[in-house]
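Each chain, written out:
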Amino acid sequence: MDASAVSRSCVFCGQSGLTPEHVYPRWLREVFPSIKNEKGYHEVCGPDGVIKRRWIARPFTVVVSRVCRSCNSGWMSELETDGRPFLEPMMHGQKVSLSPEAQTAVATWAVKTAMMLQYVPGELVVIHPAHYTELFQKKRQPPDTCMVWASACRQDMSPPLITTWSRSLILETEPAPPAAADTISGYRVTFRVNQLALQIWGYNVESLREPYLIQQVDYGGYAPFIHTIWPTSGTELTWPPPGLFASDGLEAFAMRIT
Ligand SMILES: [Zn+2]
């Protein structure tokens, strides 16, 4: 198959017949009606943490044509419906209770959105293709091989509305992972909409499943600032977490190596 044929296939199911998809859904424009003059920053970072490209785009206007009509109007649309009742108060920094089902809905929406963000022109595609396939197969829950964290941010973030960071990671783990390689690659995609930041973190090694990932996580001083929403803990979480990120704290969280 030549490259142009691949580029015309849906990144989730492989079907042809692609339709434009808003990276950030249109309902966000209803949630933030005063965005006309707002700016959103996109930053792309490599494994060394160096910013390769930074640009400004009006929030919630970016469209990519990488998914088919069936995915776009089917399960992806359902993720918006499932997630919005929780995402909206979280984005406004309002108190909300997150059941395990709600955590799953928000986490799945986060993974889907991060996967679309990868195809914004100039972005770095860091998420493993197998994770797209796994999301398509599961549809209403994230791949087992990734984790999702949710953080609350202060009201006075800069820039005001959205920020995106993508980075690939090369990790040397101790003890050695349950796979042949000593060095494994992974990714971290972080994006913020107003007062909600979501981070998706995963390894590009299919044999590394959830229990291993959790053992490897070093929350450091970030524990008060984050809720792990995937895999879910099985208990209800109160939103927001005790700590609220300022702009510099969120950036450090987005860019950390471990
Ligand atoms: Zn599709």
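The residue numbers shown here count from 1 along each chain, following its written sequence. Residues qualify for local features only when their pLDDT is at least 70, as the model is predicted, and side-chain atom pairs are given and counted only at 80 or more; totals for whole chains, interfaces and linings, by contrast, use all residues.

1. Considerations on helix 6 (residues 129-138)
- With C-beta atoms placed from the backbone, the exposure class of a residue follows from how many other C-beta atoms lie within 10 Å of its own: 20 or more, buried; 12 or fewer, exposed; in between, partly exposed. The numbering of helices and of strands both runs from the N terminus, where a helix is a DSSP run of H or I of at least 4 residues and a strand a run of E of at least 2. For helix 6, the full list of buried residues reads His131, Tyr132 and Leu135. For helix 6, the angular spread of the buried residues around the axis is 105 degrees, confining them to a single face. Facing away from the buried surface of helix 6 by more than 90 degrees, the exposed residues are Pro129 and Gln137.
- On its buried face, helix 6 is in contact with helix 5 (100-117), strand 6 (146-153) and strand 9 (196-203).
- In the segment just after helix 6, Lys139 is the residue with positive phi, at about 65 degrees. The arc in question is formed by the directions pointing from the helix axis toward the C-beta atoms. For every residue pair, C-beta atoms are placed from the backbone, and the pair is scored as a contact if these atoms sit within 7 Å.

2. A look at the confidence of the model for the protein
- For every residue, the predictor states its confidence as a pLDDT score lying anywhere from 0 to 100. Within the protein, residue pLDDT values average 83, and 79% of them lie at 70 or more.
- Least confident of the elements in the protein is helix 1 (residues 3-7), whose mean pLDDT is 48; most confident is strand 5 (residues 96-98), at 98.
- The low-confidence segment residues 1-6, where pLDDT is below 50, has 1 contact with residues more than four positions distant or belonging to other chains.

3. Looking at the packing of helix 4 (residues 75-91) against helix 5
- Remark: helix 4 packs on helix 5, axes separated minimally by 8 Å, with the N-to-C direction vectors making an angle of 125 degrees. The angle between the axes of helix 4 and helix 5 places the two elements in the oblique class. Seen from above, helix 4 lies across helix 5 with left-handed handedness. Taking contact as the criterion, the partners of Met76, Leu79, Asp82, Gly83, Phe86 and Leu87 in helix 4 are, on helix 5, Ala102, Ala105, Val106, Thr108, Trp109 and Lys112.
- Looking at side-chain class alone, the contact of helix 4 with helix 5 contains 8 nonpolar, 2 polar and 2 charged residues. Inter-axis angles, ranging from 0 to 180 degrees, are taken between N-to-C directions of lines fitted to C-alpha atoms, where helices are fitted over the stretch in contact. Angles are sorted into four bins: roughly parallel if under 35 degrees, roughly antiparallel if over 145, roughly perpendicular if 65 to 115, and oblique for all others. Note on convention: near helix rotated counterclockwise from far helix by under a right angle means a left-handed crossing. Clockwise means right-handed. Side-chain classes are defined by residue name, with Ala, Val, Leu, Ile, Met, Phe, Trp, Tyr, Cys and Pro counting as nonpolar, Asp, Glu, Lys and Arg as charged, and the others, Gly among them, as polar.

4. Concerning unusual backbone geometry
- Across the junction of Trp230 and Pro231, the peptide omega takes the value -5 degrees, indicating a cis bond.
- You can see Pro231 is positioned in the loop between strand 10 (226-230) and strand 11 (237-239).
- Pro240 follows Trp239 through a cis peptide bond whose omega is 0 degrees.
- When you line up the elements, Pro240 lands in the loop between strand 11 and strand 12 (244-245).
- Despite not being glycine, Lys139 has its phi angle at roughly 65 degrees, a positive value.
- With respect to the element layout, Lys139 can be found in the loop between helix 6 and strand 6.
- In the Ramachandran plot, Asn194 falls in the positive-phi region, its phi being about 55 degrees despite a non-glycine side chain.

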